[in-house]
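# Structural features, examined
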Amino acid sequence: MEKLILGTGVKGSKSAAGKTKFCDFSVTVKKCHEECGDSAFAYEDAQKLIIGILDGVSGEPGAASASSEAAIALLAFLKKYDKMNSTIMKEAFTHAQENVTTGFTTAAILFLQKNGSFVIAAAGDSPIYGIEKPGEISLELPISRPVGDNDSILKFFTLRNMVIGVLGPTGTDVHVNMASGTLCKGQVLVLASDGLTDNLYMDTSEGYVTDSSGKGDLLALIDKERKPAAIVRKLMAEIAKRLKAGRKERPNGLLVPKCDDIAIAVARRL
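Below is a summary of the structure that appears in this document. These figures come from a predicted structure and were not determined experimentally.

## Focus on the layout of surface pockets
Each pocket or cavity is described by its volume, and for the largest pocket that value is around 180 Å³. Lining of the largest pocket is provided by 13 residues; of these, Ser58, Asn161, Asp194, Lys258 and Asp260 occupy positions nearest its centre. A class-by-class count of the residues in the lining of the largest pocket yields three nonpolar, five polar and five charged.

Take a look at the structure:
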């Protein structure tokens, strides 16, 4: 199965889902801006699952085309391989960088082999979260923003839309954060654009952001649910409610919703 969801073709929302002998997954892209800057893809065969989430940089011309071009290039490059390592993954990002003609985009990629071995990679601020067991969630890779943990609340929310390390005609090599490991049965990975992250509660203390990943809030929202399609639906529905409700505060937590295109993908090892 191969599914490309290109931002240039998303008018409302588009989804894809599937199941193999070793995993199941679900992907949704939802438009918020006048033109959808988020794109995604999913590819699975007997040997592997590949998922990509791409977020064209808002405020720059060509956001939708940048994420779409990068999605096409990354999928075409990666699906040729049945095994993955950091060298090949970096080559894939370089290939995508060369194929983005205008605009800039972030990217978050999962390459999962049938034996559970995986490589994840990200450029920019599209996060990847891991759920290993009930009550435990982690941010698997750094989020490449000029602000983050330990910044003042004012500074963080003023500058959170800025991103570093994107794909596009920057004139510099792309910086890619990567990690590898083994996904055990029942473990879950969540890939998203910042349309998810920026609609989660940030942990705060005495005027400072202590955890900018939103992982604690995300874990509470997902709770005990482990079915990928159900998780994606639950998160999309909650974000829609939060956008209507507006800014909220709670003890040691702050939510400042942002209307943005949203792409979420969830994969679970079976």
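Moving on from the coordinates now.
## Some points on the packing of helix H5 (residues 215-222) against helix H6 (residues 228-245)
Between H5 and H6, whose axes approach to 10 Å, the crossing angle comes to 115 degrees. Note that H5 runs across H6; the crossing there is right-handed. Across the interface between the two elements, Asp217, Leu218, Leu221 and Ile222 of H5 pack against Ile231, Lys234, Leu235, Glu238 and Arg242 of H6.

## Here's the deal with the sheet that holds strand E16 (residues 262-269)
Taken in spatial order, the six strands make up an open sheet running E2-E3-E16-E11-E8-E9, and their pairing is antiparallel. Single-partner strands in this sheet number two, and they are strand E2 (13-19) and strand E9 (136-139). Geometrically, the sheet is characterised by an average inter-axis angle of 15 degrees between neighbouring strands, direction not taken into account.

## Structural notes on the side chain of Ser126
Mapped onto the elements, Ser126 comes out in the loop between strand E7 (117-123) and strand E8 (128-133). One polar contact links Ser126 to Thr106, side chain to side chain, over a distance of 2.6 Å. Residues in contact with Ser126, not counting those within four places in the same chain, are Asp55, Thr106, Ala107, Ala108, Ala192 and Ser193.

Rules of the game
- Residues numbered from 1 in each chain as written.
- Predicted model: local features only at pLDDT ≥ 70, side-chain atom pairs only at ≥ 80, totals over all residues.
- Heavy atoms only, no water.
- 1 Å grid on protein atoms, 1.4 Å probe; cavity = no way out; pocket = protein on both sides within 12 Å on 5 of 7 lines; lining within 4 Å.
- Points joined across faces, edges and corners; volume = space filled by probe spheres on them.
- Nonpolar A, V, L, I, M, F, W, Y, C, P; charged D, E, K, R; others polar.
- Axes fitted to C-alpha atoms, helices over the stretch in contact; angles between N-to-C directions.
- Helix = DSSP H or I, 4+ residues; strand = E, 2+ residues; numbered from the N terminus.
- Left-handed = near helix turned anticlockwise from the far one by under 90°.
- Contact = heavy atoms within 4.5 Å.
- Pairing = 2+ DSSP bridges.
- Polar contact = N/O pair within 3.5 Å; in protein donor to acceptor, adjacent residues only side chain to side chain.

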